[in-house]
Amino acid sequence: MAVFKPENVEDFYEIGEVLGSGHFGQVRQVRERTSGTCWAGKFLKIRKIACSRLGLDRGSVEREVEVLQTVQHPNIVALKDVFESRAEVVLILELVSGGELFDFIAAKEDLLESEAIEFMTQILEGLGFMHSRNIAHFDLKPENIMLSDKVSPHPNIKLIDFGLAHRFHQGEEYRSTSGTPQYIAPEVINSEPLSTAADMWSIGVITYILLSGLSPFQGETDEETLRNIIAMNYEFHARYFSMTSSMAKDFIQKLLVKNPIDRMTAEECLLHPWIKPITRKQVAKRNRSSINMKNFKKFNARRKWKMSFNMVLMCNRLVQLKVLCKGSSDPDPLQRQCESDVEDTESKPASLLRRRLSSSS
Ligand code: ATP
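Residues numbered from 1 in each chain as written. Predicted model: local features only at pLDDT ≥ 70, side-chain atom pairs only at ≥ 80, totals over all residues. Heavy atoms only, no water.

As recorded in an unreviewed UniProt entry, the chain goes by the name non-specific serine/threonine protein kinase, listed as coming from Lates japonicus. Listed in UniProt under the heading Sequence similarities (unreviewed entry), the comment for the chain reads: "Belongs to the protein kinase superfamily." (UniProt positions renumbered as here; feature names shortened; annotations may be inferred.)

What follows is the structure, encoded as structure tokens:
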């Protein structure tokens with residue numbers, strides 16, 4: 001069990017700029033006072049009362065911490081320390097300063113499949129390590145695949161955000177409908193028992209997008225996206241996949257499989273000829289094929305725009321609701337009510353909404 005230090009985080013770290021925001025708080029750069037080393041501090045608001053929907057319950061933070069302690073791997077963000085105050089838990093994480101993988105790729109002129117595969121391999125290695133310890137991420141999406149640094153020509157992949165991750169115990173049946181519509185597996189939508197195979201579906205979706213700049217199940221609305229996933233309604237449009245190798249399509253097809261048992265595992269993916277070619281012909285095919293950069297850039301620009309739009313929307317709602325809350329004789333309960341409304345304003349499955357702020361659907 002992790003030690004949540006009761007000391008004030010600011011006695012040990014100088015708090016710096018905001019690196020990112022999530023549903024339950026901010027991630028800020030922090031500087032260790034003794035060594036001067038920079039880290040990322042993830043500030044998570046903790047629920048004050050059990051029935052409130054504002055903030056996280058301490059149990060779920062404990063689970064995120066426990067998972068992070070278990071998955072020490074070069075392709076997974078490392079946890080250094082945990083601090084706790086009355087209203088907040090602060091996770092001190094390795095600083096991942098290379099930005100999102102998708103932004104790094106979108107800044108390039110072109111990219112061969114063989115270059116994209118170098119990143120896919122690292123993602124699969126990190127994921128395979130987690131899965132070998134019976135831990136599933138359950139929120140794999142471009143926003144959670146980052147790069148170690150900006151200076152190296154070959155930065156390392158770092159998987160982040162283990163807020164939805166789950167460690168399976170033997171014989172346990174685990175169900176959850178949390179996730180981000182575009183990337184979730186059919187069994188998540190159907191509230192069926194889950195396994196690490198749900199992550200492999202997300203890898204299929206991410207690979208499809210990476211190669212074509214299209215999102216395989218994307219509908220006009222989240223509901224339509226979810227319906228498309230259930231119906232397995234996807235294809236390889238010739239217009240967008242003209243530069244893609246048949247091995248890459250085979251790789252995706254073996255991941256976007258409805259029955260989780262029949263999906264490739266991370267370990268099997270690492271042995272697939274697209275990732276690990278055996279013959280010279282296979283190597284040559286990968287070097288001849290490239291990603292659809294023109295469309296990928298468009299996809300990424302739309303994704304970033306939607307993320308900023310959602311963030312502005314969320315902030316505006318908070319401001320409006322805070323105005324409404326003013327003047328109450330009992331500000332605390334009303335404040336909770338207001339802010340929990342912010343989380344659940346739309347008629348979607350509540351847990352799917354948990355991640356909507358960073359959703360790019
Ligand atoms: P969400 O509600 O979107 O799931 P969250 O509250 O769980 O978010 P994270 O996804 O872990 O928070 O972090 C939010 C953002 O902060 C990330 O998208 C990323 O931009 C940034 N971030 C997170 N961890 C790090 C890190 N270790 N180093 C640098 N930036 C980070």
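Draft legend 1. Focus on the pattern of salt bridges. Scanning the model with the defined rule gives 18 salt bridges in all. As a salt-bridge pair, glutamate 14 and arginine 33 come within 4.0 Å of each other at their nearest N and O atoms. Of this pair, glutamate 14 sits in strand β1 (residues 13-22) while arginine 33 sits in the loop between β2 (25-32) and β3 (38-45); the two residues are 19 residues apart in sequence, bridging distant segments of the chain. The salt bridge partner of lysine 42 is glutamate 64, with a shortest N-O separation of 3.0 Å. Linking lysine 42 in strand β3 with glutamate 64 in helix α1 (residues 58-70), this pair joins segments that are 22 residues apart in sequence. Taking relative accessible area as the criterion, glutamate 64 reaches 5% and is therefore assigned buried. Among the charged side chains, a salt-bridge network with shared partners connects Glu100, Asp103, Glu143, Arg303 and Lys304. (Salt bridge = Lys/Arg side-chain N within 4 Å of Asp/Glu carboxyl O. Helix = DSSP H or I, 4+ residues; strand = E, 2+ residues; numbered from the N terminus. Buried < 20%, exposed > 50% of the residue type's maximum accessible area, 1.4 Å probe, protein only.)

Draft legend 2. Looking closely at the side chain of serine 289. Relative to the helices and strands, serine 289 resides in the loop between α9 (280-288) and α10 (293-325). Here the side chain of serine 289 touches lysine 285 through a polar contact of 2.8 Å, landing on its backbone oxygen. In contact with serine 289, not counting residues within four places along its chain, are Leu112, Glu113, Met243, Thr244 and Ser245. (Polar contact = N/O pair within 3.5 Å; in protein donor to acceptor, adjacent residues only side chain to side chain. Contact = heavy atoms within 4.5 Å.)

Draft legend 3. Representation of the pairing of β1 within the structure. In this structure, β1 lies alongside β2, joined through 7 bridges in antiparallel fashion. The partner of valine 18 across the bridge, within β2, is arginine 28. Between β1 and β2, which pair antiparallel in sequence order, lie 2 residues. (Pairing = 2+ DSSP bridges.)

Draft legend 4. Representation of a negative patch on the surface within the structure. A cluster of acidic residues, Glu109, Asp110, Glu115 and Glu118, forms a negative patch at the surface. Since its relative accessible area comes to 68%, glutamate 109 is described here as exposed. (Patch = residues over 30% accessible without salt bridge, like charges linked within 9 Å, V, L, I, M, F, W, Y side chains within 5 Å. Areas by Shrake-Rupley, 256 points an atom, 1.4 Å probe, with all protein chains shown as cover. Lys, Arg positive; Asp, Glu negative; His and termini not counted. Charge placed at Lys NZ, Arg CZ, Asp CG, Glu CD.)

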